[in-house]
Structures are given as C-alpha cells and as structure tokens.
Amino acid sequence: MDVQQEAPTGTLDTRVLRTTFGAFATGVTVVTVGGAAPHGMTANSFTSVSLDPPLVSVCVERQAIMHASLTDAGVFGVSVLSARQEAVARHFANRHRPLGRQQFDAVDWLPGERTGAPLIAGSLAHFECRVWRRYDGGDHTIFLGELLAAGGSVAPGDALLFLAGRFHALEPVPTEAPR
C-alpha cells in the first residue's frame, strides 16, 4: 500500500518521513576524528561529491558529539564498512559506549597517516579529509571534506548496507544472463 503525505503547513510526520527515507539503501561508514579527544560515529549520510577538487560529504546532527569533534579537529577519517563489520557499525552507533580513546578498544584500527584519525581495519575503503566547507542542513550540518588520502583493502561487492532501519549485506547481481 502506498503511503503519501502532504504537508500544507510545512510539517511532515517524522515517523512517515523516516520510513520513506529508509526506502533508499545506503552504505555504512564510521566517521572518526583523532587527537586528544578521539571520537567515532556510525554514519550512512556519506557520499562522494566531486573529483576536481576531490570532495566528500558527511551530514552530522548538530546535537551529536561528533559535530563539536569535527568542528574542533578540522580533519577526519571515514571507513566504509564491509558486510562482516555490522558489529563495528552497531558499536559506534551505541550512545552508551565509552567515550574518548576507550571507544576504540573494541575494534581493530590504524591511525590515518595524514590526519591521525582512527581508520577501521578491514574496511572496504578509507578516506582522510580536511573540513573544506560547512553548510546548514536543518538539524544537521553538511560537512564537505577535501580528500587528503584515500585507499581500500577489501574487494567490492562486500558492502554493509542500511535499508528500512536494518543492516543488510550486498549480494552482487549477475551482469550476464545465465546460459
């Protein structure tokens, strides 16, 4: 059954909106900052923006600890999680995990060479970025990051996805018809 909602007053039911947004599958990342107060956050609002200059974006809720961390640090890392890393995604989404360096004790990670931000070991890809611009995004800030370094470690097709409020593994679809 299709659910359609109109907003003559400019407001939408947030439950309906969350469900509707959830129809779009996204990859799952962990965004991190290093330094004296390292912090990590699971994020599915990450995307490539530009090749020239090389830019990515991540959206962070203004009330999140990561918002202040990103603003203060000015540099950050992004780890694109593989299907085998759902526990990592859940760990960095847990608001009750330890903060500071202790939150990284539960995962394998390595410091980014350019930023020092923790990068999750075994991820599909790693990015190290400098905050290039920030834009108002309602209850979020859209951070554009200029790439300082990028690399990968695991073959594509093994991505962790988020769809309809749940984690899913990406299963490759054959590109040729079976014979």
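Now for a look at the structure at hand. Every value quoted in this text rests on a predicted model; they were computed, and no experiment measured them.

As a further point, take the environment of R130. Considering the arrangement of structural elements, one finds R130 in strand β9 (residues 125-137). Looking at R130, the relative accessible area reads 38%, which means it is partly exposed. Separated by 19 residues in sequence, R130 and A149 have C-alpha atoms that sit 9.9 Å apart. Excluding anything up to four places from it in sequence, R130 contacts G74, V75, F76, L144, G145, E146 and L148.

Reading across the sheet, the 3 strands line up as β1-β11-β12 and stay open at both edges, with antiparallel pairing between neighbours. Bordering the open sheet on either side are β1 (26-27) and β12 (166-169), each of which pairs with just one other strand. In terms of strand pairing, β1 meets strand β11 (residues 160-163) through 2 bridges, oriented antiparallel. Looking at the pairing, G27 lines up with L161 of β11.

Let us now look at the pattern of salt bridges. A full pass over the atoms with the stated rule returns 5 salt bridges. R15 is paired through a salt bridge with D13; the nearest N and O atoms lie 2.9 Å apart. The exposed category is assigned to R15, whose relative accessible area is 62%. Owing to a relative accessible area of 26%, D13 belongs among the partly exposed residues under this scheme. For E146, the salt bridge is made with R130, and the minimal N-O distance between the two is 2.9 Å. A residue pair is termed long-range when its members are at least 10 positions apart, and E146 in strand β10 (residues 140-152) and R130 in strand β9 qualify at 16 residues. Note on E146: relative accessible area 21%, which makes it partly exposed.

Each value, and the rule that gives it
Residues numbered from 1 in each chain as written. Predicted model: local features only at pLDDT ≥ 70, side-chain atom pairs only at ≥ 80, totals over all residues. Heavy atoms only, no water. Helix = DSSP H or I, 4+ residues; strand = E, 2+ residues; numbered from the N terminus. Buried < 20%, exposed > 50% of the residue type's maximum accessible area, 1.4 Å probe, protein only. Contact = heavy atoms within 4.5 Å. Pairing = 2+ DSSP bridges. Salt bridge = Lys/Arg side-chain N within 4 Å of Asp/Glu carboxyl O.

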